Structures are given as C-alpha cells and as structure tokens.
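What follows is the residue order along each chain.
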Amino acid sequence: MHDVALYILKQLSVDRFYSGSQLARELDLSRTAIWKHIQMLAVYGVDIYSLPGKGYRLAEPVELLDQKIIFKGLQGSHLISGVEVLSSIDSTNRYLWQQAHEGNKPSGSVVFSEFQSAGRGRRGRQWVSPFAKNIYCSLLWRYENMPHGIGGLSLAIGVAVVDVLEKMGVSGIGLKWPNDLLCGGRKVAGILLEMSGDPCGSGCVVIGVGINVDMKGFSGSSAITQPWTDLVELKRRSDISRNELSILLLKSINQALLNYARSGLSQLIPRWNELDVMFGKEVVIQGVNNALSGVARGIDESGALLLLSNGEIRRIHSGEVSLRLAENSGDLCC
Ligand code: BTN
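Bear in mind that the values here come from a model prediction, so they are computed numbers and not experimental data.

### Considering the packing of helix 1 (residues 3–12) against helix 2 (residues 20–27)
Part 1 of the reasoning: Remark: helix 1 packs on helix 2, axes separated minimally by 11 Å, with the N-to-C direction vectors making an angle of 130 degrees. With respect to their mutual orientation, helix 1 and helix 2 come out oblique. Our pair here, helix 1 against helix 2, has a crossing hand that is right-handed. Residues Val 4, Tyr 7, Ile 8 and Gln 11 of helix 1 touch helix 2, and the partners they reach there are Leu 23, Glu 26 and Leu 27.

Right, here's the structure in full:
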C-alpha cells in the first residue's frame, strides 16, 4: 500500500470524521489527490464513507497491527527472532520463502501483512485477504535432525491454532484433516506449510496461518469458494484485538515447535483425534485421478489419515488429495 494511503488510514483509524482539507494540509496534497487515495483504499477492501462538510470516516474502526506491541508480547518465546509487519504484499509465505532462500532471514522470523494481493491457499487456491480485517502470518523455522519426520508438523500447528482460538473464548472449533479449522462446517482459519530440505534431517519450513477475524462489510467475500465464518461471528462480539491474537498465535506456535522438535506428533494424537470433525464418518478421499471411500479413523504419528476401507486401514498422506464427507453422511458440525 502507498505510504500516503496508509497515513490516511492511520489518521482515520481514530474513529472520528477527518476532513479532506485537513488531510490535504498535513500531506501537502490537493483535496482531489486525497479523494483518489481514499478511492484506492476501497480497492484494498477498506470501507470509508464521506459526509459533505464533515469529511471522511471509516465504516468500521480499525486496529492496525503494531510490530512493537507484538514483539514485546513475545518475551520468553525463544524460537521467535523477529517480527515484521507489512501493509501490503502478494503473499507472506512467498515473501518469507524468498527472503529465507536469499539468506536474509534467520530461523524464527515472522512476517504479518495487513493485505495480501495473492494470498496462497492449499491446493492452488487463493486466500482472500482484505486489508486489516484478518490475520495473515508466516513464520520461518529452520529445523535440524528430525528423526520422526517433518510431515506431521502442519497437524501440530492446526492444534496450536485451535488452542489459541479457545483461549480467545471461541469454542466448538474442530479440525478437518490435514489442517482446516472449522466451526459448524465453515472454515475459520487455514494453514499452509511450504518446505525444503530433508524431511527427517535438516531443512526449512515456512508456516503460513490465515485466521478470519472480521469480514463484516467486506464486499469481496463472494470470491471465497468454500463456506466460511469469522471470529466476530463466532464470538458474537466485535472487540477482538488482532494484536493480542497475533501474540497468542505466535506463543502457541513457539510452544508447538518446541514440542514437535522433541516428540513429533506422538503426544498430540489423542487431542487431534478429539478435535477431528471427520472421526468415525464415511468419507471420500479425492485424488487427482481417483477416489477412495471409507471411514475416517483419525491420524497416525506421521500425520497420515487412517482410512478404514474394505476391512483394512489405509494410510493417506496429504499432498494433493482432498477429504470430504460421503454423500450420505449428513453435515459437519463440531
Ligand atoms: C488453506 O488453504 O487452508 C491455507 C490458507 C493459508 C493462508 C495463509 S495467510 C498467510 C500465509 N500467506 C499465504 O499466502 N498463505 C498463508
């Protein structure tokens, strides 16, 4: 986002009318130029209304992410080495991956962005990322010596994110293998891990987390191709602090990484199975060219889904498969 647009947004975030001429004076621009920047903010999904004689005001008050507040809140989370807050990027995962491979970021680097123009979802989907409404966060972890393999990490991160949302007072969140967070069958958060290196030795992983916080008033939500919800709807209140949520999220991921490095998924399987919205249900695993049906039986220590199919347990590894309920299995609720 352009510095001028960001300045305007910061002024407007004080939750009162701000006159166009005052903004023009402060920025040494014409009122028409200010108006053009206001129009640009709409492209980022920021709703601003104007009243003749009074000026501009945000339709909803905005709490911007604050690097200092977040980093200060992380004392004691020793795996986290630094936090960067961007106002706009194509994808925090893409950006951090590039920085990591150019040797510019140490392990534990975290990047948030207020907006993503090409947020990445699993299986080539787009992650719709309007400005300052949600959390878009990526963390770089360089691991060494991983005898139990790195394959189950994304499931451990799923549990870590559920823990955070429960701490924020949201109940009823479940996991759909490998790592969708759902409530009543609607997605509230997603996780995307991108890795390179030796899965059982040393390597590097970018852990991307997107959490829907408050999509109210966002006109582009029709671009989301799956049922979704957000924390404001689930908590039935709108005073969710994204800075506080960011701190809790990073603390929880920090702990999950420590646990995972020590013992992989082994301690986590009962908790994962308890959160599993598909456990015991008739499901279909859809691959690129084939489908397999059976009953979901939770996960194993490698993070594979256990599927009871034709009397035997099959282990399904994530990659490019998708999991859905068989047609006669009713609705997902948790
Ligand atoms: C999914 O499809 O469920 C995974 C969504 C992951 C979205 C997050 S938002 C922050 C990070 N940057 C990205 O481009 N994607 C992830």
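### Describing the sheet that holds strand 10 (residues 282–286)
Paired through backbone hydrogen bonds, the strands of a sheet run either parallel or antiparallel to each other.
Part 1 of the reasoning: Pairing is antiparallel in the open sheet, where five strands are placed in the order 13-12-11-10-14. The open sheet has two free edges, formed respectively by strand 13 (312–316) and strand 14 (322–325), since each of these has just one partner strand. Going across the sheet, the axis of each strand differs from the next one's by a mean of 45 degrees, ignoring polarity.
Part 2 of the reasoning: Pairing analysis gives five bridges linking strand 10 to strand 11 (residues 291–299), with the strands arranged antiparallel. Of the residues in strand 11, the one forming a bridge with Glu 282 is Val 295.

### Some details on the confidence of the model for the protein
Part 1 of the reasoning: On average, the protein scores 91 in pLDDT, and the residues at 70 or more come to 96%.
Part 2 of the reasoning: Confidence, expressed as mean pLDDT per element, reaches its minimum in the protein at strand 14 with 83 and its maximum at strand 4 (residues 109–113) with 98.

### As for the nonpolar core
Part 1 of the reasoning: Formed by 66 residues in total, the largest nonpolar core has its most connected members in Leu 153, Val 161, Leu 165, Leu 181, Ile 211 and Leu 250.
Part 2 of the reasoning: Residue contributions to this core peak at nine residues, all from helix 6 (residues 153–167).
Part 3 of the reasoning: Not counting the four nearest positions on each side in its chain, Leu 181 is found in contact with Gly 158, Val 161, Val 162, Leu 165, Ile 173, Gly 174, Leu 175, Arg 186, Lys 187, Val 188, Ala 189 and Ile 191.
Part 4 of the reasoning: Ile 34, Ile 38, Leu 41 and Leu 64 belong to the second-largest nonpolar core, a separate cluster that totals 22 residues.

### A few points about the sheet that holds strand 8 (residues 186–197)
Part 1 of the reasoning: Across the sheet, which stays open at both edges, the seven strands sit in the order 3-4-5-9-8-7-6 with mixed pairing between neighbours. Unpaired on one side and paired on the other, strand 3 (82–86) and strand 6 (174–176) mark the two borders of the sheet. Averaged over neighbouring strand pairs, the angle between their axes works out to 20 degrees when direction is ignored.
Part 2 of the reasoning: Across three bridges, strand 6 lies against strand 7 (residues 180–183) in antiparallel orientation. Residue Leu 175 lies in a different strand from strand 7, and its bridge partner there is Leu 181.
Part 3 of the reasoning: The strands that helix 6 touches are strand 5 (135–143), strand 6, strand 7, strand 8 and strand 9 (203–211); relative to strand 8, the one it contacts most, it runs at about 145 degrees.
Part 4 of the reasoning: Running over the sheet, helix 8 (residues 242–263) touches strand 3, strand 4, strand 5 and strand 9 and is turned about 25 degrees from strand 5.

### Looking at unusual backbone geometry
Part 1 of the reasoning: Put simply, Trp 177 and Pro 178 share a cis peptide bond, and its omega is 0 degrees.
Part 2 of the reasoning: Locating Pro 178 in the fold gives a position in the loop between strand 6 and strand 7.
Part 3 of the reasoning: Even without a glycine there, the phi angle at Asp 28 is positive, about 55 degrees.
Part 4 of the reasoning: By the secondary structure assignment, Asp 28 is in the loop between helix 2 and helix 3 (31–43).
Part 5 of the reasoning: One non-glycine residue, Arg 123, lies in positive phi territory at about 50 degrees.

What counts and what doesn't
Residues numbered from 1 in each chain as written. Predicted model: local features only at pLDDT ≥ 70, side-chain atom pairs only at ≥ 80, totals over all residues. Heavy atoms only, no water. Axes fitted to C-alpha atoms, helices over the stretch in contact; angles between N-to-C directions. Helix = DSSP H or I, 4+ residues; strand = E, 2+ residues; numbered from the N terminus. Parallel < 35°, antiparallel > 145°, perpendicular 65-115°, else oblique. Left-handed = near helix turned anticlockwise from the far one by under 90°. Contact = heavy atoms within 4.5 Å. Pairing = 2+ DSSP bridges. pLDDT = per-residue confidence, 0-100. Core = buried A, V, L, I, M, F, W, Y, C linked by side-chain atoms within 4.5 Å. Buried < 20%, exposed > 50% of the residue type's maximum accessible area, 1.4 Å probe, protein only.

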